Amino acid sequence: QLVESGGGLVQAGGSLRLSCAASGRPYSSYAMGWFRQTPGKEREFVARINGNGYDTGYADSVKGRFTISRDNAKNTVALQMNSLKPEDTAVYYCAARRAYYSGENSAEYDYWGQGTQVTVSS
């Protein structure tokens with residue numbers, strides 16, 4: 001089970017920290033990712049992290065502003081979002097892939113959380 005938290009309403013330029021709590025499976029060995037989706041659009045890749053946390057990747061639209069991290073001892077994955085923009089408004093999803101290496105394609109991920117809403121006002 002993956003449960004996201006930390007979403008909310010923030011002004012442009014502000015920050016939010018999303019957290020994903022994992023349970024029920026050996027998520028510490030799984031690659032993890034964050035995706036987001038707005039109404040009428042496909043789910044898009046935001047950030048990914050490998051099983052050991054040493055390799056990460058980001059969408060160009062968030063590079064330099066967002067940081068993904070994980071704490072395998074606590075089975076959590078976080079997404080620190082700084083310098084938020086109105087176009088970052090979306091439902092953000094945490095996902096897990098039953099593989100060590102992470103990817104950017106949502107079809108590669110096996111487990112998904114319910115999502116948390118992030119709204120950035122201008």
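For the structure, see preceding data.
This is a predicted model, so every value here is computed, not measured. (Residues numbered from 1 in each chain as written. Predicted model: local features only at pLDDT ≥ 70, side-chain atom pairs only at ≥ 80, totals over all residues. Heavy atoms only, no water.)

## A short note on the pattern of salt bridges
Okay, step 1: This structure, assessed with the given rule, holds seven salt bridges.
Okay, step 2: Across the salt bridge formed by Asp88 and Arg36, the nearest N and O atoms sit 3.0 Å from each other. Here Arg36 lies in strand 4 (residues 31-37) and Asp88 lies in the loop between strand 8 (76-81) and strand 9 (90-97), a separation of 52 residues in the sequence.
Okay, step 3: The residue Asp55 makes a salt bridge to Arg48 at a minimum N-O spacing of 2.7 Å. (Salt bridge = Lys/Arg side-chain N within 4 Å of Asp/Glu carboxyl O. Helix = DSSP H or I, 4+ residues; strand = E, 2+ residues; numbered from the N terminus.)

## As for unusual backbone geometry
Okay, step 1: Even without being glycine, Asn75 reaches a positive phi, approximately 55°.
Okay, step 2: Tracing the chain through its elements places Asn75 in the loop between strand 7 (66-71) and strand 8.
Okay, step 3: Overall, the relative accessible area of 25% leaves Asn75 in the partly exposed class.
Okay, step 4: Unlike most non-glycine residues, Ser83 shows phi in positive territory, near 50°.
Okay, step 5: Tracing the backbone shows Ser83 in the loop between strand 8 and strand 9. (Buried < 20%, exposed > 50% of the residue type's maximum accessible area, 1.4 Å probe, protein only.)

## Examining the nonpolar core
Okay, step 1: Counting 33 residues, the largest nonpolar core has Leu2, Met32, Trp34, Leu79, Met81 and Tyr92 as its most contacted members.
Okay, step 2: Sorting the residues of this core by element identifies strand 3 (16-22), strand 4, strand 5 (44-49), strand 7, strand 8, strand 9 and strand 11 (116-121) as the ones contributing at least two each.
Okay, step 3: With five residues, strand 9 is the single largest residue contributor to this core.
Okay, step 4: When sequence neighbours within four positions are dropped, the list of residues in contact with Tyr92 reads Glu4, Leu18, Trp34, Phe35, Arg36, Val46, Phe66, Leu79, Met81, Gly115, Thr116 and Val118. (Core = buried A, V, L, I, M, F, W, Y, C linked by side-chain atoms within 4.5 Å. Contact = heavy atoms within 4.5 Å.)

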